[in-house]
Each structure stands twice: as C-alpha cells, then as structure tokens.
Amino acid sequence: MRTSTEALVKALLKNPSAIKSRSQAQQLHAQVLKFQASSLSNLSLVLSLYSHINLLDDSLRLFNTLHFPPPLAWKSIIRCYTSHGLPHQSLASFIGMLASGLYPDHNVFPSVLKSCALLMDLRLGESVHGYILRVGLDFDLYTGNALMNMYSKLRFLQESGRQRLGTGEVFDEMTERTLTGRTSSALVGSVGSDTEAFHYDVSCGRREFETHIVETDCKHSKKFRDLEAWNLGPQIKDISHSKGRQSEDTVRKIFEMMPERDLVSWNTIIAGNARNGLYEETLTMVRGMGDANLKPDSFTLSSVLPLVAEYADISRGKEIHGWAVRQGFDADGYVASSLIDMYAKCTRVSDSCRVFSILTKRDGISWNSIIAGCVQNGLFDEGLRFFHQMLMAKIKPKSYSFSSIMPACAHLTTLHLGKQLHGYIIRNGFDDNIFIASSLIDMYAKCGNIRTARQIYDRMRLRDMVSWTAMIMGYAFHGHALDAIDLFEQMETEGIKPNYVAFMSVLTACSHAGLVDEAWKYFNSMTQDFGIVPGVEHYAAVSDLLGRAGRLEEAYDFICGMHMGPSGSIWSTLLSACRVHKNVDMAEKVANRIFEVDPENTGAYVLLANIYSGARRWKEAAKWRASLRRTGIRKTPACSWIEVKNKVHAFMAGDESHPCYEEVREAMEVLMELMKREGYEADTSEVHHDVEEEQKKYLLCRHSERLAIVFGIINTPAGTTIRVTKNLRVCTDCHTATKFISKIVGREIVVRDNSRFHHFKNGMCSCGDYW
C-alpha cells in the first residue's frame, strides 16, 4: 500500500496539472512530507503547484521553509505575486533571486515585466529590458510577448494621464523593512491564514537596484562587467522608448526582431496599434496575421472593432461581423459587446439590438453596451428599458452602468428615476466614483435641481475637468452666471487649465445673463492665452449674447468673421434675436444667409413668418408659411411635459385629449381671473394669426407649458415645486403669466425650455426677464 501511494505521489509530481484544487494540493504536500520525499526539488514542485492555482498564502508558507530556494521556487513566488497584483513584492523577490546567486531564465521575465507595467514605471521596464538583452533572452517567444505587452500598456496608461508610480518610491518603501536571517527569508516573512503580510528590505533606489543586478550578474560572466553597457547601452537604445520616440515604434521593433511569433504576439501589436488609433496599421497587421497562417481570435476582433467604431467604418465592421459569425465568435461576450458598440457608434442601433437579442449569455459588459448605445443615439426610453431588464435578469450594475444611464434621466428629466438610481449608487458604495458623481451633477442640473447638483459637487474629494464643467454648465443653464464665473475662476486658481468645453460653459453663462464684456474677455483669453481654436459652440454663444443685448449689427459682423463657414444654426440665433427686438430688415438679411447654407431650416421659415406677423405684415407671413408647406417640411409642434406621481404627462398646444383636460380648463379660468386682479394683461403679439383679439387671448391660454403647469398645480400637494419641460422657447406672454401664477399659488415653478431654465417664485423669474 505504501509503495503504491509513493508511486502515486511521484506520478502527480511529474504531472501536476492533475491537481485542480487547494485541498488536493495540500493532500499532495502532506504525502510528500509523510513519505519523507521532501527533497528540495519535490518541495519546489509543490510550491510551483500552489503558485499555478494562485494560492499565495500556501506558496509563502512553503517558501519560508526552504533554506536555499532553487530557481523553480523563486519563479513560482515571483509569478504568484504578479498574478495577485503585488508588483512591489514580485520585484523584491526577483532581486532576492539575483542576490542569492541564481540566474533567471525565460520563465521569470514575463512576470517581472508585467510587474513593471503594473507599477507604470517605464524606466524600470527599460532596465529589465536591457538585462534581458544582455543575457540573450530577447529572442524568447514569451519574453518578447511580455516586452511588447509592457511597452504597449505603459504607453496607453501614460497617455491616459494616469499618475506614474516611480521605482524610487517602490524601493523607498522597501528600505523601511528590516532584514533578518538569510537573504531569502528576508524577502518573505511569516504569513498567517488570513493575511498577506510581507516583510522585505532592499536598501536601494533604482540606480542601486540596477547596480545590484549588474554586480550579481558579473559573478556569473566577465563579459557583463561594463556598467555603462548595463545602464541602457546601445542595444536597448536601438529599440527602446526614449524621449521623443514613440512607444509603438518600440513594440513594432521588438515584434520585427522576434524569430518566432504566435497568436499572442500578433494580438499584442494589433491591440497596441488599435489603442493608439492607428487604423490602417491595425488592419494591415490583421491581414499579416492571416499571411502568417494564424487566424484572428476573439481577442483580435474585440481589439479591432472599437477602432472601426471610432472611424464609423460600417462596411468594414460588417465584414468583421460576417467573419466572426462564420468562425463562431459572435457568441463570445467580448466580441458581441464590441459589435454592439460598433453598430451604435455607426448610428445603427437596430443592428446593435439584433446582435444583443441573439446572445445566449449576457454579462454586465454586453448589457452596458446596449444601454450606452441606445442613450448615445438619443433612444433614452429604450436605454432605460434595457437597464430595467438588466436588473430583472439579476445582473448587478457596475460603476460604468450608471455613467451610461444617467444621461437618459437627464434628457428625459425623469427626476424620480434619477433619485432612485442615486439611492442605489449610495447603497452600493459608488458615490465616491468621480465619473458617477459627474453624471449625477449633470443629471440633477438638467432635471432642474441645481442645489442638489452643487451639494454633490461639494462632497467630491477629487474633481476632474468633467465635474468642473458639469457644474459650470449647470449654473449657466439655470441663469446663475456669477456662480458659473466664480467656479471657472476658482478652477484656474487651482491650476486646472480650462479646455474647449469649459470655455463653452462660461460663455454660455455670460450669454444667459447679458454679460457682454465678460464674454469678450473669455473669448479672447481662450485663443490668446490657451491657444484653443474657437468652435461653432463658442461663436454661437457670443453671437447669441450680442443678439440678446440688441447689438444686432455687431453680431452680424461677428458671424461673418468666423474662421469657418457659419452654419444655419448660428444664423438662427441672430434671427431669433431679430424677432425679440422686432428688427424686420435685419431678419430678412439673416434669413437669406440661412437659406444659402441650410435651405430646409424649418425654424427659419417659422421665425421669419412670426417676425412678419409681429409687424402685422400678414401677407408676407402667409407667403412664408405657404413656402414652408410647399417644401413638405413640418413645423415642430410645441410640447410640454410634467412628471406627477412618477408618471410623465405630455401636453401639446391646444391639446384637449388629456383625460384631465376639463379640470385643467376650469382651473385655468379661475387662475386667469386671479391674474387679472393682480394686473396681468395678455401680450397678444405672441399670437401669430390674423384673428380677433379675444381669440388671441384664448389661444394664449392653451399654450402647452401653461396647460402642464396648471395640471401640476391641481394634482400635487400645496407647496410642491412644479417642474415643466418644453421643447421650444417659452413665449413672452407665458413667461409673464407664469410669474403671476407662482405668486398666486405660492409655488416655485421651474420651466426648462430649449434654451435654459426659468425658476419662477413670488412673481419673479431667475432669468431677470432676460432670455
């Protein structure tokens, strides 16, 4: 019996892949000790087994019992630390291996290079690369793959703006440890069953680290005595990243020098090219893979598809999709998610939904892809429906799920749903996530609750450019221009350089408050001090501001002086200002400009007709309305909606189809009487039809925002804030009427139109009648 057990132990040691669990590995370890087969080689094999199935505690306990760990033991402990995301400890063990006089082979360097990538330390990686070159392992397939992967990842992380952790810091931490006993045991201390405590000491910074390796290496071969050759000599300089040299060139040179390449080699360089946006180079590499008799796998496809999506190359995307179907990769979660994202970015959401619908296994990534695809394409209701289905499927949302769904709540102004999501975020500990916090700021601001948006902003421990601009833009749309400007100035004071979007936000704030001088200051600063080329949004904000301020000629000249051709939308802002200031001559000149660049601009036809109506030039108004009908273009009907008891109610202008219309009409009549007593006089110039005066007053009462406001008043408790959203600009008469209503009913009424927010309270509006 004993003999057969010993034979089994020996067989398992020779074929450790048969061991799959911790209990099996521990049983084998016990048998090795029981039959006194605990030779250094056998214990190293057991340690390798522990490491292979990622048992760090067990690996460290066994390693501590080895007085003179052999190379296999060191390799195992280095690999185990790296796989657990502990690069400091992995590198310390690598130094310990060298210090003990052992020579690393090709099995060690992939883990060491991965640790360099985890530390985001390029110089350390270059140092290890130099050592690899000098020991002649640069032609090893797995080491070459690891080098390419390291350089590619470091390039990506550095360009993403992540803070580097220098090796000096790594080894400064190591100096605080106490060296006790033999060299090897100093590197790994006692580890309890519930801890991963690690005691080590390397009293050197990066240069001492490099020198230590050189001196250790010199004991093995005289040809490595030249310290300068070690310190990134000619070999490494020929192919490594240096100042002004692109990291993708390093990856490409390593790839070209490899005598043998496998699928991992090709995937690494393809993924690196894709991350750096090298479209043609990436596709060329994919073709080269085929020439090398290697087929792309799911990793290849999921690397290439995001780049295809970025370039919106739908024909190429379809080719890849067809190939994936033929090879059976379309069922792979990563490939399917990439396909969903690709189709969505090419505005083919129906194809995204089709790919998603045939997926048999849907994970969080695929759910998030379809949600984000819908929201990015303006299908907010669909995005919310998919989010609800994801919850029903028991898929727990990740942090990125909330960043995807929050814009849907913001655009639909569904505050109750936004609050529910906010509660879920807090309960699951995601509220510290900077991206989610920025999304919450944007959502609350767009849903009309600017105070809560500011509270979330103030609680943020870290802020990035997105969070700053979300808050500034929130203030801008709510008419709090001075708060927006203060925040913009504070951002500059704290050393954060404003970008394209930040200037757009502060210019919008100036536009909504009539701050002409301040707007010119920021517009000029953007170009002169920060070198930002103004875009359409910046020109639109300034021209809108000049138009609102009545400086129509100045606005016209400003638009004519744009460095790019003015669009119809920019001219439309000036045409709208002509309507406010009743300047028919300028309106005709601006309208001609609009029809030159955008002959199907519906809004321009409507605005011009309304301008003629306001001037009581009914024939010209009728001519332009007839022109609009002949084009077949339909005017966008006015619509307002309000959320009451977690349900959204929509009202069209003159709409009598709502079940509560009679109640609304009766309440409106009562309010009209009370408003007249307070001094309200209807501004019938806002009715652009040649009808009797009383009919005009009747039509004004049936404007969509007024119907929604009255519906909210009669269906919510006294004191409740009324929040209404309108798809078009609030007319002058409705603006005046809402001020009276807010005073009469003692409510705050928040109206969001297509330009900004209006907060009505006690007969006043936050816009100061400037909108």
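Since we're looking at a predicted model, the values are computed, not measured. What you see as residue numbers is a count from 1 along each chain, following the sequence as written. Per-residue local features are limited, in this predicted model, to residues with pLDDT of at least 70; the limit for side-chain atom pairs, both in listing and counting, is 80 or more; totals at the level of whole chains, interfaces and linings are taken over all residues. As a convention, hydrogens and water are excluded, and side-chain values are obtained from all of the structure's heavy atoms.

*Asks:* Where do I start with the overall build of the protein in this structure?
*Replies:* Strands are runs of DSSP state E lasting at least two residues, helices are runs of H or I lasting at least four, and both sets are numbered from the N terminus onward. The secondary structure content of the protein amounts to 41 helices and six strands. Three exposure classes are used, based on accessible area relative to the maximum for each residue type with a 1.4 Å probe and protein chains only: buried under 20%, partly exposed in between, and exposed over 50%. Going through the 771 residues of the protein one by one, you find that 52% of them count as buried. By definition, residues are in contact when any of their heavy atoms lie within 4.5 Å. Partitioning the intrachain contacts of the protein with sequence separation of at least 6 by distance along the chain shows that 65% fall at a separation of at least 24.

*Asks:* What is the right way to read the confidence of the model for the protein from this model?
*Replies:* In low-pLDDT segments, the atomic positions of the prediction should not be examined closely. Taken as a whole, the protein shows an average pLDDT of 82; of its residues, 83% reach a score of 70 or greater. Values of pLDDT, the confidence the predictor places in each residue, fall between 0 and 100. Low confidence marks residues 161-209, where pLDDT is under 50. Its contacts with residues over four positions away, or in another chain, come to 104 contacts. Note that pLDDT drops below 50 for residues 212-245; the model gives that stretch 64 contacts with residues more than four away or on any other chain.

*Asks:* I'm lost on helix α34 (residues 568-580) in this one. Help?
*Replies:* Residues three or four positions apart in an α-helix share a direction because the helix packs 3.6 residues into each turn. Multiplying one less than the number of residues by 1.5 Å gives the expected span of a helix. In a regular helix each residue adds 1.5 Å, so 13 residues correspond to 18 Å; α34 covers 19 Å between its end C-alpha atoms and thus fits that length. The set of residues buried in α34 consists of Gly 568, Ile 570, Trp 571, Ser 572, Thr 573, Leu 574, Leu 575, Ala 577, Cys 578 and Arg 579. Of the surrounding secondary structure, the elements contacted by the buried residues of α34 are α32 (536-548), α33 (552-560), α35 (584-597) and α36 (602-614). Of the residues flanking the end of α34, it is Lys 582, one or two places downstream, whose phi is positive at about 55°.

*Asks:* Which parts of the structure should I look at to understand the pairing of strand β4 (residues 749-752)?
*Replies:* Regular strands have side chains that alternate between both faces of the sheet. Judged by which residues are buried, β4 turns out to be covered on both faces: Ile 749 and Val 751 on one side and Val 750 and Arg 752 on the other are all buried. One ladder, built from four bridges, connects strand β3 (residues 722-726) with β4; its direction is parallel. Within the sheet, the bridge partner assigned to Val 724 lies in β4 and is Val 751. Handedness of a crossover is defined as follows: orient the strands so they point away from the viewer, and if the path from the first strand over the helix to the second runs clockwise, the crossover is right-handed. Following the chain from β3 across helix α41 (residues 732-745) to the adjacent parallel β4, one finds a crossover that is right-handed. For β4 and strand β5 (residues 757-761), the ladder comprises four bridges, and the chain directions are antiparallel. The residue of β5 that forms the bridge with Val 750 is His 759. Between the antiparallel neighbours β4 and β5 lie four residues. One bridge is not enough; two strands pair if DSSP finds at least two bridges between them.

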